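Structural overview
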Amino acid sequence: MFANIKVIVFDLDGTLYEDTHHFDYYAKRIEEKLPKEKRQAFRNDYRAVLSGQHPLKIGRIYDTENDFILTLKDNFVENAYRWDGTKLE
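Computed from a prediction, not measured in an experiment: that's the story for all the values here.

Things to note about the sheet that holds strand E3 (residues 76–81)
Strands sit in the order E1-E2-E3-E4 across an open sheet of 4 strands; the sheet is antiparallel. Both outer strands of the open sheet, strand E1 (61–63) and strand E4 (87–88), are each paired with one neighbouring strand and no more. Pairing of E3 with E4 involves 2 bridges; the strand directions are antiparallel. Counted as the bridge partner of Ala80 is Leu88 from E4.

Thoughts on the pattern of salt bridges
Under the criterion given, the structure shown has 2 salt bridges. Salt-bridge contacts for Arg29 lead to Glu32; the nearest nitrogen and oxygen are separated by 2.9 Å. Taken together, the residues Arg29 and Glu32, both in helix H1 (residues 23–33) and 3 residues apart, mark about one turn of the helix. For Arg29, a relative accessible area of 30% translates into the label partly exposed. For Glu31, the salt bridge goes to Arg43, with nearest N and O atoms at 2.3 Å. With Glu31 in helix H1 and Arg43 in helix H2 (residues 36–50), the pair connects residues that are 12 residues apart, well separated along the chain. Residue class for Glu31 comes out buried when judged on its relative accessible area of 9%. Residue classification places Arg43 among the partly exposed positions, given a relative accessible area of 25%.

As for the packing of aromatic side chains
Under the counting rule described, the total for this entry stands at 3 aromatic pairs. With 5.1 Å between their ring centres and 85° between their planes, Tyr25 and Tyr26 make a pair best called edge-to-face. Residue Tyr26 is classed as partly exposed on the basis of its relative accessible area of 31%. Considering the side-chain rings of Tyr62 and Trp83, the 5.5 Å spacing of their centres and the 75° angle between planes classify their relative orientation as edge-to-face. One end of the pair, Tyr62, is in strand E1; the other, Trp83, is in the loop between E3 and E4, and 21 residues separate them in sequence.

With respect to the environment of Lys87
Within the secondary structure, Lys87 sits in strand E4. For the pair Lys87 and Pro55, spaced 32 residues apart in sequence, the C-alpha separation works out to 9.3 Å. The residues contacting Lys87, other than those within four sequence positions of it, are Asn79, Ala80 and Tyr81. Within the local environment of Lys87, its side chain forms a polar contact with the side chain of Asn79, the two groups lying 3.1 Å apart.

Each value, and the rule that gives it
- Residues numbered from 1 in each chain as written.
- Predicted model: local features only at pLDDT ≥ 70, side-chain atom pairs only at ≥ 80, totals over all residues.
- Heavy atoms only, no water.
- Pairing = 2+ DSSP bridges.
- Helix = DSSP H or I, 4+ residues; strand = E, 2+ residues; numbered from the N terminus.
- Salt bridge = Lys/Arg side-chain N within 4 Å of Asp/Glu carboxyl O.
- Buried < 20%, exposed > 50% of the residue type's maximum accessible area, 1.4 Å probe, protein only.
- Phe/Tyr/Trp six-rings, centres within 6.5 Å; stacked < 30°, edge-to-face > 60°.
- Contact = heavy atoms within 4.5 Å.
- Polar contact = N/O pair within 3.5 Å; in protein donor to acceptor, adjacent residues only side chain to side chain.

Interpretation note: all reported values are geometric properties and have no functional meaning in isolation.
Okay, here's the thing in structure tokens:
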């Protein structure tokens, strides 16, 4: 039944956990899978997210298809941002 599963994604939005200390563990595992030349940029983005200096924040959604960061209100997109923080109309 599960023979074709290649990836399991855990939703780390706080639903199952009351804190975020485990994010560091998973970020390190992701970083290890990246090409060496992209690891520093990943670390920089991850630190910026944790410190609140990045448009990606806990509770926001990353749209991989369009490369947008989204905020939702009542299950509808309220705001959309580019990775650099530029707000879209």
